[in-house]
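Secondary and tertiary structure notes
Here are the chains, one letter per residue:
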Amino acid sequence: MKRVGVWLIGARGSIAGVTLAGHAALLNGAAPTGLVTARADFEGVDLIDLEALVFGGHEITDGDLVEATRGYLSAHQLSHLMPEVEARLHAVEARIRPGIVRGGGARIEALARRAQVAATDRQAVDLIRADLDAFKAAEGLERLIMVNLASTEPPPPPQAAWETPQALYAALGGAALPPSSLYALAAFEGGDAYINFTPSLGSRIPALEAIAEAHGAVHMGSDGKTGETLVKSILAELFTRRNLTVSSWFGQNILGNGDGQVLSDPANKASKIQTKDQLLPKILGYHPQTHVGIDYVGSLGEWKVAWDHIHFQGFMGAPMTMEFTWRGLDSVLAAPLVLDLIRLASLAQERGEVGVLTALAPFFKDPHGCDEQRLISQDEALLAWVKAGALG
């Protein structure tokens, strides 16, 4: 069996922990509920077997993956799974290395307990790359997929060095990139895939796109679409199909996990709001009054709650409203999508594809290289990509 490595950035976080526990549970016969690639539409597609995935990762916090995941599963009322997944979690914990925080902002740097110190961006990339190469060699891996599950970074100001690979490489002797982009560059230099599940910059600059193509790497992001924005992508199309005019759309999110703590910093929150708030104009074709609120409420723990108020106009301008509440366990919603993205990125690698995987747009709030935000249209494009390759 071909062995494919998966390198998780933020390897002890709640999404990583639940992804790893879910992977182990699936291998033990759990139902694949929530796994898009388990739909009948994907039958006959040569997707990688979950048994072939080998996990490792980077983490900047201290602690232990097994105990952290025990806490996540307990919060999700899934403690019964722990005995059957614990051995696999111990194996992953042994492969976790201290991560990089260089350029990540004050809030993320404050979390660091076991980070590697780099004097320059070039040194940071080399440290990351050394860990990836050691992982591949030790586990006998055919290829590798990096998945960024780390805390959201503040949006960095654009730099001239981001425009071309030559300019970027010339700037690596100083501080040119945030951590998410340093990780992307390290992956690309080894020809490895990079999936950005966060709102952070990642590979979304021209220089990194060109470097990915030069090294034959695939990549996609950004910001996994798991809850409120998923619902908005369906409801917004409902209003356009019925020719109803949305006057205003107010959304408020409260969450209590580590991600919520990081997003309590206005600088980090700005990245998240940007990806959540850009969807409506792209679907509606105009800009209604909008608001996206995100607040940390520690007592919620792993729960995330969102409520939305939509004010719209009907026939003859009659005012009407719609409201909805979404309450879910964010990491449980995200984990199967992470596994889907790993399998689909592996499929693209197997086919020899290069560059941005725009077909993976339905998994992201702000899909890289794709302006289409209607979920059904995105899903149809994904299936066409999957089947075209299968037939080819």
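In this section: the packing of aromatic side chains. On inspection of all chains with the given rule, the structure shows four aromatic pairs. Summarising the aromatic geometry, the rings of Trp7 and Phe135 are spaced 5.0 Å apart at their centres and angled 55° between planes, so their arrangement reads as tilted. Here Trp7, found in strand E1 (residues 4-9), pairs with Phe135, found in helix H5 (residues 121-139); they are 128 residues apart in sequence, far enough to count as distant. On the basis of relative accessibility, which here comes to 5%, the residue Phe135 falls in the buried class. Ring centres 6.2 Å apart and planes at 80° place the aromatic pair Phe188 and Tyr194 in the edge-to-face group. Residue class for Phe188 comes out buried when judged on its relative accessible area of 0%.

Turning next to the sheet that holds strand E9 (residues 303-313). One open sheet holds the four strands; their spatial order is E8-E7-E9-E10, and the pairing between them is mixed. Where the open sheet ends on each side, the last strands, each with one partner, are strand E8 (289-296) and strand E10 (319-329). Sheet twist, expressed as the average angle between the axes of neighbouring strands with direction ignored, equals 10°. One ladder, built from 10 bridges, connects strand E7 (residues 245-255) with E9; its direction is antiparallel. Across the sheet, the residue bridging to Leu255 is Lys304, located in E9.

Okay, the packing of helix H1 (residues 14-27) against helix H13 (residues 330-351) next. The contact between H1 and H13 brings their axes to 8 Å, and the two run at 65°. The handedness of the crossing between H1 and H13 comes out as right-handed. Every residue of H13 that contacts H1 at Ser14, Ile15, Val18, Thr19, His23 and Leu26 is listed here: Ser331, Val332, Ala334, Ala335, Val338 and Leu339.

Note that soluble globular proteins tend to have their nonpolar side chains buried in a common cluster. Counting residues in each nonpolar core, the largest one holds 57 residues, and the members touching the most others are Leu344 and Leu360. Here the element with the most residues in this core is H13; it accounts for 10 residues. Look past the residues within four positions of Leu360 in its chain and what remains in contact with it is Ile195, Met220, Leu341, Leu344, Leu382 and Trp385. If you look at the next biggest cluster of nonpolar residues, it comprises 33 residues, including Ile9, Ala124, Val125 and Met146.

For the rest of this paragraph, the subject is unusual backbone geometry. Residue Ser222 follows Gly221 across a cis peptide bond; omega there is 0°. Structurally, Ser222 is set in the loop between strand E6 (218-221) and helix H9 (228-241). One non-glycine residue, Gln77, adopts positive backbone phi at about 60°. One can find Gln77 in the loop between helix H2 (65-75) and helix H3 (82-93). Even without a glycine there, the phi angle at Met316 is positive, about 65°. With respect to the helices and strands, Met316 occurs in the loop between E9 and E10. A relative accessible area of 76% places Met316 in the exposed class.

How each quantity is defined
- Residues numbered from 1 in each chain as written.
- Predicted model: local features only at pLDDT ≥ 70, side-chain atom pairs only at ≥ 80, totals over all residues.
- Heavy atoms only, no water.
- Phe/Tyr/Trp six-rings, centres within 6.5 Å; stacked < 30°, edge-to-face > 60°.
- Helix = DSSP H or I, 4+ residues; strand = E, 2+ residues; numbered from the N terminus.
- Buried < 20%, exposed > 50% of the residue type's maximum accessible area, 1.4 Å probe, protein only.
- Pairing = 2+ DSSP bridges.
- Axes fitted to C-alpha atoms, helices over the stretch in contact; angles between N-to-C directions.
- Left-handed = near helix turned anticlockwise from the far one by under 90°.
- Contact = heavy atoms within 4.5 Å.
- Core = buried A, V, L, I, M, F, W, Y, C linked by side-chain atoms within 4.5 Å.

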